[in-house]
Amino acid sequence: MASVSVASAAPSLDKRWKSFSLLFYRAVRDLKPVWMLEEMRTMEAFYQEDDLKQRTYTPSEALLYAIVHDHQPYARFLLGRYPEEALAKPSERFWCCPSSAPHLTMAVRYDRFCILRLILHESRVRLHTDDVRTLLHLACELQRPEAVVILLGSGASPQAVDQNGSTPLDVTLEKLRETSSGLATQCLDVLLMFTPKVRFKMRAALEAEPGLWRELLGENTFGYLAKKSPAPLVLIAMQTVVKQLSPATVLDSLQELPIPTSLKPPGLPMTRRARQQLI
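The following refers to the structure shown. Because the structure is predicted, anything quoted here is derived from the model rather than measured.

Brief notes about unusual backbone geometry
Link 1 in the chain: Located in the positive-phi region is L31, a residue other than glycine, with phi close to 55°.
Link 2 in the chain: Within the secondary structure, L31 sits in the loop between helix 1 (2-29) and helix 2 (34-41).
Link 3 in the chain: L31 gets classed as partly exposed once you look at its relative accessible area, which sits at 48%.
Link 4 in the chain: For S180, which is not glycine, the phi torsion reads 50° and is therefore positive.
Link 5 in the chain: Inspection of the secondary structure assignment puts S180 in the loop between helix 9 (168-179) and helix 10 (182-193).

Notes on the pattern of salt bridges
Link 1 in the chain: Here the structure, examined in full by the defined rule, presents 8 salt bridges.
Link 2 in the chain: One salt bridge connects R29 with D30, and the closest N-O pair in it is separated by 3.1 Å.
Link 3 in the chain: The partly exposed category is assigned to R29, whose relative accessible area is 41%.
Link 4 in the chain: The class for D30 is partly exposed, based on a relative accessible area of 41%.
Link 5 in the chain: Each member of the salt-bridge network shares a partner with another, and the members are E141, K175 and E178.

Cut-offs and rules
- Just so you know, the residues in each chain are numbered from 1, in the order the chain's sequence is written.
- At least 70 in pLDDT is required for a residue's local features to be given in this predicted model, at least 80 for side-chain atom pairs to be given and counted, and no such filter applies to totals for whole chains, interfaces and linings, which use all residues.
- As a rule here, side-chain values cover all heavy atoms of the structure and leave hydrogens and water aside.
- Secondary structure counts use DSSP, requiring at least four H or I residues in a row for a helix and at least two E residues in a row for a strand, with both numbered from the N terminus.
- Type-normalised accessible area, obtained with a 1.4 Å probe on protein chains alone, sets the label of each residue: buried when under 20%, exposed when over 50%, and partly exposed for intermediate values.
- Here a salt bridge means any side-chain nitrogen of Lys or Arg lying within 4 Å of a carboxyl oxygen belonging to Asp or Glu.

Read these as geometric descriptors, not functional statements.
Structural data, given as structure tokens:
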């Protein structure tokens, strides 16, 4: 009889866990107060695997939810209270992107650049070579100019290559050719500000189709990348300015430079509303 009782109770317990899991997910999605989310996160629930066990959400899993739903106060709390646990690898049952830095990857993928900045600077995360390579290429592939600024300001190398030997500049030029997107142009301008010496595979493509690339890049940028003319003076000035900026505030500093707007590169990240008009 005992075995029958456990067998009949197990589906009910499993159903209760799934119901609780959905409630917590919705609470984060609805941007409920931090204190409420913490009470829910640490509430013990039961679920069925090989046997009945107790389980609560870890800070790492809660941070992933906060990233997905852009709950910045909750992300700040988790990173401040649990700086190591919040960035630990989530459990195998908790699916997320396959990456050695899942929280950073999710922040880039979902365009949560404010939380990305929190993770990198408030928690003092050190970017490993593989993480940087993956993240910067991903940010360029998804056309996330704010993320590109933050990653480069945090030490990511614009010369890193992926498994195909492509640099972030190669990825950005490919996206620009595919989409002619204003966001791709922004990523390009940001990359050039952080890249005093450009090295990339697509220079031959520029030389093969000069008309197309002059239209996409403009005469000055095309000439610079094709090695037909020196770097524009504005770009040289911006590269000098970037070297003086603090990594923790590089995005805000670039947006608030006390110079005329006409002198700023057109690719500087802009407000989210303005960005929507470019897509």
